[in-house]
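A structural walkthrough
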Amino acid sequence: MGRPVNAIASNAGRLARATGEAFELALDRYHRQLEAEGRAYIRRVGAPVSVLGKVSRDQRGRHIFRAAWDGFQGVDFTGHTNMGVHIAIEAKTHAGPGAWDCGIDPSGEASENGAIQERQWTELRRVRLCGGIALIMLRAWGREWAIPPGRLAEHVRQKGRRTVRPDEIDAIGTRGLEWMR
């Protein structure tokens, strides 16, 4: 007898969350390095929530509380260079050998589903239009890439589809976690 479908989905969700968190922690370490070198200050943006009720501590000393989403999430990281140039970074992971559905359709707009949400895409494009550094950091197929939003939009426009295949990613992204070289 197999496991129930919702148990499998729950395990897949936990694995996806852990994979994403590990990638964001790697980016946090790199961003601390940039700060220590005096090159940039970048922080992770917290999820917009409201605390509901009292805050207590669990057995491990962590603060626990009931919360509700209280707004829309933009990009995962924001900051500035040592020259004052604004930085906006959205971190994404993709599991499996197949194509990554970025969520940007050939018109250049974010779709209802897919990796990059409308508010994230809008923030990335606005930062870039204002002369800032805007990137999608993607961990997929055993590597990382820094992808400028304009190059991603051009790719989906040219291909006529929202997906990026493993053999196409090097044409639109720069390999490596260390995006500020």
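Residues numbered from 1 in each chain as written. Predicted model: local features only at pLDDT ≥ 70, side-chain atom pairs only at ≥ 80, totals over all residues. Heavy atoms only, no water.

Size it by volume and the largest pocket reaches roughly 810 Å³. Around the largest pocket, the lining comprises 24 residues; the ones closest to its centre are Arg-17, Glu-24, Gln-73, Asp-76 and Gln-120. Elements represented by at least two residues in the lining of the largest pocket include exactly helix 1 (5-36), strand 5 (86-94) and helix 2 (118-129). Here the element with the most residues in the lining of the largest pocket is helix 1; it accounts for six residues. For the lining of the largest pocket, a count of residues per class yields seven nonpolar, seven polar and ten charged. (1 Å grid on protein atoms, 1.4 Å probe; cavity = no way out; pocket = protein on both sides within 12 Å on 5 of 7 lines; lining within 4 Å. Points joined across faces, edges and corners; volume = space filled by probe spheres on them. Helix = DSSP H or I, 4+ residues; strand = E, 2+ residues; numbered from the N terminus. Nonpolar A, V, L, I, M, F, W, Y, C, P; charged D, E, K, R; others polar.)

Looking now at the pattern of salt bridges. Considering all chains together, one arrives at 13 salt bridges under this definition. Between Arg-44 and Glu-21 there is a salt bridge, and its shortest N-O distance comes to 3.2 Å. Here Glu-21 lies in helix 1 and Arg-44 lies in strand 1 (residues 40-44), a separation of 23 residues in the sequence. Judged by relative accessible area, Arg-44 falls into the partly exposed class, the value being 24%. On the basis of relative accessibility, which here comes to 25%, the residue Glu-21 falls in the partly exposed class. Connected through salt bridges with shared partners, the residues Glu-21, Glu-24, Asp-28 and Arg-44 form a single ionic network. (Salt bridge = Lys/Arg side-chain N within 4 Å of Asp/Glu carboxyl O. Buried < 20%, exposed > 50% of the residue type's maximum accessible area, 1.4 Å probe, protein only.)

To continue, consider the sheet that holds strand 10 (residues 174-175). Working definition: the strands of a sheet are paired by backbone hydrogen bonds and lie parallel or antiparallel to each other. Strand order across the open sheet formed by six strands is 1-4-5-7-8-10, with mixed pairing between neighbours. The open sheet is flanked by strand 1 and strand 10, the only strands paired with a single partner. Pairing geometry for strand 7 (residues 133-140) and strand 8 (residues 143-147), over five bridges, is antiparallel. Counterpart to Leu-138 in the pairing with strand 8 is Trp-145. The sheet strands contacting helix 3 (residues 149-159) are strand 7 and strand 8, and the helix crosses strand 7 at an angle near 65 degrees. (Pairing = 2+ DSSP bridges. Contact = heavy atoms within 4.5 Å. Axes fitted to C-alpha atoms, helices over the stretch in contact; angles between N-to-C directions.)

We now examine the packing of aromatic side chains. In total, this model carries two aromatic pairs according to the counting rule given. With a centroid separation of 6.2 Å and an interplanar angle of 80 degrees, the aromatic rings of Tyr-30 and Trp-179 are classed as edge-to-face. With Tyr-30 in helix 1 and Trp-179 in the segment after strand 10, this pair connects stretches of sequence that are 149 residues apart. An identical accessibility class is assigned to Tyr-30 and Trp-179; each is buried. Aromatic pair Trp-141 and Trp-145: ring centres 5.9 Å apart, planes at 70 degrees, arrangement edge-to-face. Residue classification places Trp-141 among the partly exposed positions, given a relative accessible area of 21%. (Phe/Tyr/Trp six-rings, centres within 6.5 Å; stacked < 30°, edge-to-face > 60°.)

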